[in-house]
Amino acid sequence: MGLTRQDVWKRPVAEGERRTALRGPGGLLDQLEDPQPQVRRWSVRDLANFPEATRPLLDRLHRETDPVVQEAIFSALLLLGSQQVATGMVSLLQSDDIGLRNNACLLLQEMPAFALPLLPALLQDPDPLIRLFGVRILDHVPAAAALPLLANLIDRESHDSVLMAAVAVAGQLGDATLLSHIQAVMDKPGVEPGVLFAARQAMEHLNPHDSTP
Amino acid sequence: MIQPHNLLYQCLVASVLDEVMATKPPGDGLRVWTMPLAGGVEPYLLTIFILEHWPRAQAVAFNVVASDRDPQALARAGEGWFQENELAFLSTDMRQRHFQQERDGWRASKALREGLHLTGVELTDPVATKAFRGMDVIFCQQMLPALATPLRRRAAGHLFDALNPGGFLFLHPAESMAQSSALFRVRHFPEGLAYQKPGPCCP
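Residues numbered from 1 in each chain as written. Chains lettered and ligands numbered in written order. Predicted model: local features only at pLDDT ≥ 70, side-chain atom pairs only at ≥ 80, totals over all residues. Heavy atoms only, no water.

Visitor: Help me understand empty space enclosed by the protein in this model?
Guide: Tallied over the full model, the rule gives one cavity of 30 Å³ or more. Along the wall of the largest cavity there are 14 residues; nearest its centre are Arg45, Ala72 and Ser75 of chain A together with Arg154 and Gly157 of chain B. Looking at the lining of the largest cavity, the elements with two or more residues in it are helix 2 (37-47) and helix 4 (67-80) of chain A together with helix 6 (149-162) of chain B. (1 Å grid on protein atoms, 1.4 Å probe; cavity = no way out; pocket = protein on both sides within 12 Å on 5 of 7 lines; lining within 4 Å. Points joined across faces, edges and corners; volume = space filled by probe spheres on them. Helix = DSSP H or I, 4+ residues; strand = E, 2+ residues; numbered from the N terminus.)

Visitor: What should I look at first to understand the nonpolar core in this one?
Guide: Taken as a class, soluble globular proteins show a tendency for nonpolar side chains to be buried jointly. Grouped together as the largest cluster of nonpolar side chains are 65 residues, with contacts concentrated most on Leu57, Leu77, Met89 and Leu93 of chain A. Leaving out residues up to four positions away in the same chain, Leu57 of chain A has contacts with Leu32, Val44, Leu47, Ile73, Ala76, Leu77 and Leu80 of chain A. Listed in part, the 39 residues of the second largest apolar core include Leu8, Ile48, Phe62 and Phe139 of chain B. (Core = buried A, V, L, I, M, F, W, Y, C linked by side-chain atoms within 4.5 Å. Buried < 20%, exposed > 50% of the residue type's maximum accessible area, 1.4 Å probe, protein only. Contact = heavy atoms within 4.5 Å.)

Visitor: Just checking my understanding: could you explain the interface of chain B and chain A for this structure?
Guide: Interface size is commonly expressed as the accessible surface area that is lost when the partners come together. Contact residues are listed per partner, giving 42 residues for chain B and 32 residues for chain A. Interface of chain B and chain A: buried area, both sides summed, is about 3200 Å²; carbon and sulfur atoms make up 50% of it. It is Lys130, Arg133 and Arg153 of chain B in chain B that bury the most area against chain A; as a group they hold 22% of the surface buried on that side. Linking chain B with chain A are three salt bridges, by the criterion used here. (Buried area = accessible area lost by both parts, 1.4 Å probe. Salt bridge = Lys/Arg side-chain N within 4 Å of Asp/Glu carboxyl O.)

Visitor: Looking at this structure, how should I read the sheet that holds strand 4 (residues 99-102) of chain B?
Guide: Whenever strands of a sheet pair, they do so through backbone hydrogen bonds, lying parallel or antiparallel. Residues and elements named next belong to chain B. Overall, antiparallel pairing links the three strands, which are arranged 3-5-4 in an open sheet. The open sheet is flanked by strand 3 (81-82) and strand 4, the only strands paired with a single partner. Strand direction decides the pairing type here: strand 4 and strand 5 (residues 105-108), joined by four bridges, are antiparallel. Bridge assignment links Phe99 to a residue of strand 5, and that residue is Ala108. (Pairing = 2+ DSSP bridges.)

Visitor: Even after reading the chapter, I still don't get the layout of surface pockets, so can you show me in this structure?
Guide: Take a probe with the size of a water molecule and roll it over the atoms, and the empty space left behind shows itself. In this structure, the second largest pocket occupies an estimated 390 Å³ of space. The wall of the second largest pocket is formed by 18 residues, among which Asn103 and Leu106 of chain A together with Arg153, Ala178 and Ala182 of chain B lie closest to the centre. The residue makeup of the lining of the second largest pocket, split by class, is six nonpolar, eight polar and four charged. (Nonpolar A, V, L, I, M, F, W, Y, C, P; charged D, E, K, R; others polar.)

Visitor: Help me understand the side chain of Asp68 of chain B in this model?
Guide: All names here are of chain B. If you trace the backbone, Asp68 turns up in strand 2 (residues 61-68). Arg69 provides the closest opposite charge to the buried, unpaired Asp68, separated from it by 6.3 Å. Not counting chain neighbours up to four residues away, the residues in contact with Asp68 comprise Pro36, Leu37, Ala38, Ala73, Leu74, Thr119, Gly120 and Val121. (Lys, Arg positive; Asp, Glu negative; His and termini not counted.)

Visitor: Even after reading the chapter, I still don't get unusual backbone geometry, so can you show me in this structure?
Guide: Residues other than glycine predominantly adopt negative phi, and peptide bonds predominantly adopt the trans conformation. All names here are of chain B. A cis amide bond links Met35 to the next residue, Pro36, at an omega of -10°. Structurally, Pro36 can be placed in the loop between strand 1 (30-35) and helix 2 (42-53). Backbone geometry at Ala38 places phi at a positive 55°, although glycine is not the residue there. Mapped onto the secondary structure, Ala38 falls in the loop between strand 1 and helix 2.

Visitor: Help me understand the packing of aromatic side chains, please; the structure alone is not making it clear to me.
Guide: Working definition: an aromatic ring pair is given by the centre-to-centre distance plus the angle between the planes. Residue and element names in this part refer to chain B. The full count for this structure, using the stated rule, is eleven aromatic pairs over all chains. Ring geometry for Tyr9 against Phe139: centres 5.5 Å apart, planes inclined by 80°, an arrangement best described as edge-to-face. Here Tyr9 is found in helix 1 (residues 6-22), whereas its partner Phe139 is found in strand 7 (residues 135-140), with 130 residues between them in sequence. Comparing Tyr9 with Phe139, the two get one shared label, buried. Note on Phe160 and Phe184: the rings are 5.4 Å apart at their centroids and 85° apart in plane angle, and the pair reads as edge-to-face. (Phe/Tyr/Trp six-rings, centres within 6.5 Å; stacked < 30°, edge-to-face > 60°.)

Structure representation (structure tokens):
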């Protein structure tokens, strides 16, 4: 025995794996509901090539319990990459499932052009967790678009965690136009120590030779 | 040229292969998939390391499937002729056992050249990668980081699908699967780290 060209894999190929050519979307959508996770995963892989599958994939994501299939759906949606996908991800940010929320945020970070139009609403959401997601996504959009949104958020944000995150992003962006906004945070009476620390860090990034203590 | 990673190969033969074989039915062979070809020499070095250092290498039938998207690398691997510095990983004895000196280089033995299964494939191609199934071990070095995130996630999914449950994926030591897929279990061995596809043997 030892090294051989003869195929040593003797297991039968499952029906769902037998095809080698790309299949059309018709039967694939039916297979999204198959009881076997592997069959659903294979159908998702093929559906990633059909933009018309975006809505069914988004709908399936809300019901899918198998993590292997979930990941395939997220990957497929990222490949499909559209405003419809981004809007679908925003709805998942409010899911009770932490994994779905975090993956939705990650996908939005990877599609900044489609996420940008949705950011103003996210950053004004009454839920601070949604606003926090918005800041994490804002960190991935072009700086020119992020600056006004970030400045506006820093000026009016009342939740300490969101404000800390926004100030940190401001420091990373490194644009001096944000200096006055961060200084205003530091000058507020009763500013939370964590926020103050984050603001000082950001000031050092923005103005390394003259950060106000 | 990708330098062979002695520790990865040591991890393979010292820790991984026996664990893989323990989960397989009697008589089932071993399938190893390696990519890219790194100028053609990588699959030879991997195969020789298995033959020389795995005590069960002659008792178990095993396939080595080696793939690349570059036709020139495939052609070079098929010829099996390399300069001595490309074989520096091998001891003199190993080189002489598996290669024959030819001109100012070395040609791999006929058994090696004909034993390797060389094939072209684009790792991000969802149709082409469906032919790669039932793998027990995959080496995929310095390919995923070169891909944009959507394609990198897709490629990681193809690697996951190519592996048998319980199978292992080796990346370059400087790489991590963290940004590509959350489906693999990270396994730490004395010699190094590998990513395992969960299965009945290892949920």
